[in-house]
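Examination of the molecular architecture
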Amino acid sequence: MHVSTEDGPTYGTMQYSQTASLGPKEVALTFDDGPNPDNTLRILDILDRHCIKATFFMVGYYAGKHPELVREVAARGHVIGTHTWLHPNSLRQLSPVQAQREIRRGFEAVETALASAPTEDRRRLAPFFRFPGLNDSAALIHWLGERHVATFSCEFGADDWKPIGSAEIRRRAIRNIASVGRGILILHDTKPRTADMLSSFIMTMREQGYSFVQLAAEPTSAARAATAPNGILGAAERSVADAQQAVTATEPSLEPDPVLR
């Protein structure tokens, strides 16, 4: 389903007043923190088997390390949003300049990874952003909105970032979805236990009458974001210094210190 990004709306009633216009028993699958060489392909294969398209919110550092996985996600028809460059647990703790740079570099890394992909696949990058740990900032949401980038939260998660087993992740996902009835689900394609439970979870949800829909941007969204003053998408190639930092940067920590997750 297409969602608007004009003027940077927010989606997901866990935090915001509105969400995507999902029908009863419709669930949008989203995956954070990848791409991951151990798990992303497993998840893509499972989604293929069940004919489901999802939305992936990628960490720029990993997109830079594994550009072939970024291209594979796009080639299989999934939408790509971003999740900062180094996944700081809270952008609120950074200066505005540092936080904005984190967001910009996340988008630039995915754009760079997709630069050699076919045009149709490059269009899979949407002006979609999710705050690490869902630790948002009103000022940054406004800054994103001025650049026509939508901010995504969710209706429910499954706690797959916690040290719990795949059966418990599956149970929590099903329980949390049932409590709301429709909405955006956050999972993580960095977690093998998420891949372990995914096929069974999908089958159970379908047996219970649920269907899966993909969050995608309206066709003009990317162009609007790219032509916004001081926009984020369609940025010029990174500088030599940035490219060097992409090679030497410290590995991001994906262990959350969340307020909401």
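Residues numbered from 1 in each chain as written. Predicted model: local features only at pLDDT ≥ 70, side-chain atom pairs only at ≥ 80, totals over all residues. Heavy atoms only, no water.

As for helix 6 (residues 138-146)
In plain terms, the rule: We call a residue buried when its accessible area falls under 20% of the maximum for its residue type, exposed when it is over 50%, and partly exposed in between, using a 1.4 Å probe and counting protein chains only. Working definition: helices are DSSP H or I runs of at least four residues, strands are E runs of at least two. Numbering for both runs from the N terminus. Residue contacts are counted whenever heavy atoms from the two residues lie within 4.5 Å of one another.
Of the residues making up helix 6, those classed as buried are L140, I141, W143, L144 and G145. Where helix 6 is buried, its residues touch strand 2 (10-11), helix 4 (96-114), strand 6 (125-129) and strand 7 (150-152).

Brief notes about the packing of aromatic side chains
Stated formally: Stacked, tilted and edge-to-face are the three classes applied to pairs of Phe, Tyr and Trp rings, where Trp contributes its six-membered ring and a pair requires centres within 6.5 Å; stacked means planes under 30 degrees apart, edge-to-face means over 60, and tilted covers the rest.
The final tally for this structure, using the stated rule, is eight aromatic pairs. The interplanar angle of 50° and the centroid separation of 5.8 Å between the aromatic rings of F57 and F152 together place this pair among those described as tilted. Of this pair, F57 sits in strand 4 (residues 55-58) while F152 is found in strand 7, placing the two residues 95 residues apart along the sequence. Of the two residues, F57 and F152, both sit in the buried class. With a centroid separation of 6.1 Å and an interplanar angle of 70°, the aromatic rings of F201 and F212 are classed as edge-to-face. A residue pair is termed long-range when its members are at least 10 positions apart, and F201 in helix 8 (residues 192-207) and F212 in strand 10 (residues 211-213) qualify at 11 residues. Taking relative accessible area as the criterion, F201 reaches 0% and is therefore assigned buried. Taking relative accessible area as the criterion, F212 reaches 14% and is therefore assigned buried.

Re the pairing of strand 4
Successive residues of a regular strand alternate their side chains across the two faces of the sheet. Note the cut-off: Pairing between strands is defined by DSSP: at least two bridges between them are needed. Crossover handedness is defined by viewing with both strands directed away from the observer: a clockwise path from the first strand over the helix to the second marks the crossover as right-handed.
Residue alternation in strand 4 divides its side chains into two sets, T55 and F57 and F56 and M58, and both sets are buried. Relative to strand 4, strand 3 (residues 26-32) runs parallel, the two being bridged by three bridges. Residue pairing in the sheet places D32 in a bridge with F57 of strand 4. A crossover connection joins strand 3 to the parallel strand 4 through helix 1 (residues 40-49); in handedness this β-α-β unit is right-handed. Across four bridges, the pairing between strand 4 and strand 5 (residues 79-82) is parallel. Each residue of the ladder has a partner; that of T55, found in strand 5, is V79.

Quick word on the pattern of salt bridges
Using the following cut-off: The term salt bridge refers to a pairing of a side-chain nitrogen on Lys or Arg with a carboxyl oxygen on Asp or Glu at a separation within 4 Å.
Per the stated rule, a full pass over the model turns up 12 salt bridges. D196 serves as the salt-bridge partner of R42, at 2.8 Å between the closest nitrogen and oxygen. Here the residue R42 occupies a position in helix 1, and D196 occupies one in helix 8, the gap between them amounting to 154 residues. Exposure remark for R42: the relative accessible area of 35% places this residue in the partly exposed category. Here R172 and D159 are joined by a salt bridge, their closest N and O atoms 2.8 Å apart. Linking R172 in helix 7 (residues 166-180) with D159 in the loop between strand 8 (156-157) and helix 7, this pair joins segments that are 13 residues apart in sequence.

That is the geometry; function is a separate question.
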